[in-house]
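What follows is each chain in one-letter form.
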Amino acid sequence: MRVLLLHGPNLNLLGTREPGIYGSATLGDLEDRCRGWAAGLGIEIEAFQSNHEGALIDRIHAAVGTCAAIIINPGALSHYSYALHDAIKAVDLPTVEVHLSDITAREEWRARSVTAPACAAVISGRGADGYRQALEMLAERR
Ligand code: DQA
């Protein structure tokens, strides 16, 4: 089973970006941990990060026929990208949205995710462990 692991804007700066909120692990560290968890579940990870909405959408479209599911942390796009919502809906692959921080416990504008309704589940505020939970969820659905 192949899972597309997508990260949106500013998540390439993990490790140095607001470490009090997002922790000190880099995106590479996080992807490595995900690959480790995934291997134990018989899942192969294809990882991609972009600061550009269209690039993320293109990657979601390209997942059809190559990936069985998607894990996405859309970053701030979660809060306003209807295009990303529609892309997730369009490909009809089981998708779990993950946020490192608890988006419901921060600024008011962050509490709503417009991409979440297109996803099978949302995991928020559990740090890196949220990705492990997402992988387990997808492995169970298989
Ligand atoms: C985030 C939460 C978003 O509100 C923020 O814009 C991010 C990261 C998270 O993982 O907690 O870039 O998705």
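The structure under discussion appears in the preceding block.
About the cut-offs
- Residues numbered from 1 in each chain as written.
- Predicted model: local features only at pLDDT ≥ 70, side-chain atom pairs only at ≥ 80, totals over all residues.
- Heavy atoms only, no water.
- Helix = DSSP H or I, 4+ residues; strand = E, 2+ residues; numbered from the N terminus.
- Rg over C-alpha atoms; globule rule 2.2 N^0.38 Å.
- Buried < 20%, exposed > 50% of the residue type's maximum accessible area, 1.4 Å probe, protein only.
- Areas by Shrake-Rupley, 256 points an atom, 1.4 Å probe, with all protein chains shown as cover.
- Lys, Arg positive; Asp, Glu negative; His and termini not counted.
- Charge placed at Lys NZ, Arg CZ, Asp CG, Glu CD.
- Core = buried A, V, L, I, M, F, W, Y, C linked by side-chain atoms within 4.5 Å.
- Axes fitted to C-alpha atoms, helices over the stretch in contact; angles between N-to-C directions.
- Left-handed = near helix turned anticlockwise from the far one by under 90°.
- Contact = heavy atoms within 4.5 Å.
- Nonpolar A, V, L, I, M, F, W, Y, C, P; charged D, E, K, R; others polar.

**A look at the overall build of the chain**
Right, on to step 1. Along the backbone of the chain there are five helices and five strands.
Right, on to step 2. Of the regular secondary structure in the chain, the N- to C-terminal order runs β-α-α-β-α-β-α-β-β-α.
Right, on to step 3. For the chain, the C-alpha radius of gyration of 14 Å lies close to 14 Å, the compact-globule estimate for 142 residues.
Right, on to step 4. Taken along its principal axes, the extent of the C-alpha atoms in the chain is 35 × 30 × 25 Å.
Right, on to step 5. The proportion of buried residues among the 142 residues of the chain is 46%.
Right, on to step 6. About 6600 Å² of surface is accessible on the chain, with carbon and sulfur atoms providing 49% of the total.
Right, on to step 7. Here the chain carries 13 positive and 17 negative side-chain charges, and the mean point of each set is 2 Å from the other.

**Some points on the nonpolar core**
Right, on to step 1. Among the nonpolar cores identified, the biggest contains 24 residues, and Leu14, Ile71, Val96, Tyr131 and Leu135 are the most heavily contacted of them.
Right, on to step 2. Elements represented by at least two residues in this core include exactly strand 1 (2-7), helix 2 (27-40), strand 3 (69-73), strand 4 (95-99), strand 5 (121-124) and helix 5 (129-141).
Right, on to step 3. One finds Leu56, Ile70, Leu77 and Leu93 within the second-largest nonpolar core, a separate group that totals 17 residues.

**Quick look at unusual backbone geometry**
Right, on to step 1. Positive phi outside glycine occurs at Asn10, with the angle close to 75°.
Right, on to step 2. With respect to the helices, strands and loops of the structure, Asn10 is situated in the loop between strand 1 and helix 1 (19-22).
Right, on to step 3. Positive phi values are uncommon outside glycine, yet Glu18 reaches one of about 35°.
Right, on to step 4. Within the secondary structure, Glu18 is located in the loop between strand 1 and helix 1.

**What to know about the packing of helix 2 against helix 5**
For any two helices packed against each other, one specifies the inter-axial angle together with the distance between the axes.
Right, on to step 1. In the contact formed by helix 2 and helix 5, the axes pass within 10 Å of each other and the chain directions differ by 30°. In the packing of helix 2 onto helix 5, the handedness of the crossing is right-handed. On helix 5, the residues that touch Leu30, Cys34, Trp37 and Ala38 of helix 2 are Asp129, Tyr131, Arg132 and Leu135.
Right, on to step 2. Its residues placed into classes, the contact of helix 2 with helix 5 shows six nonpolar, no polar and two charged.

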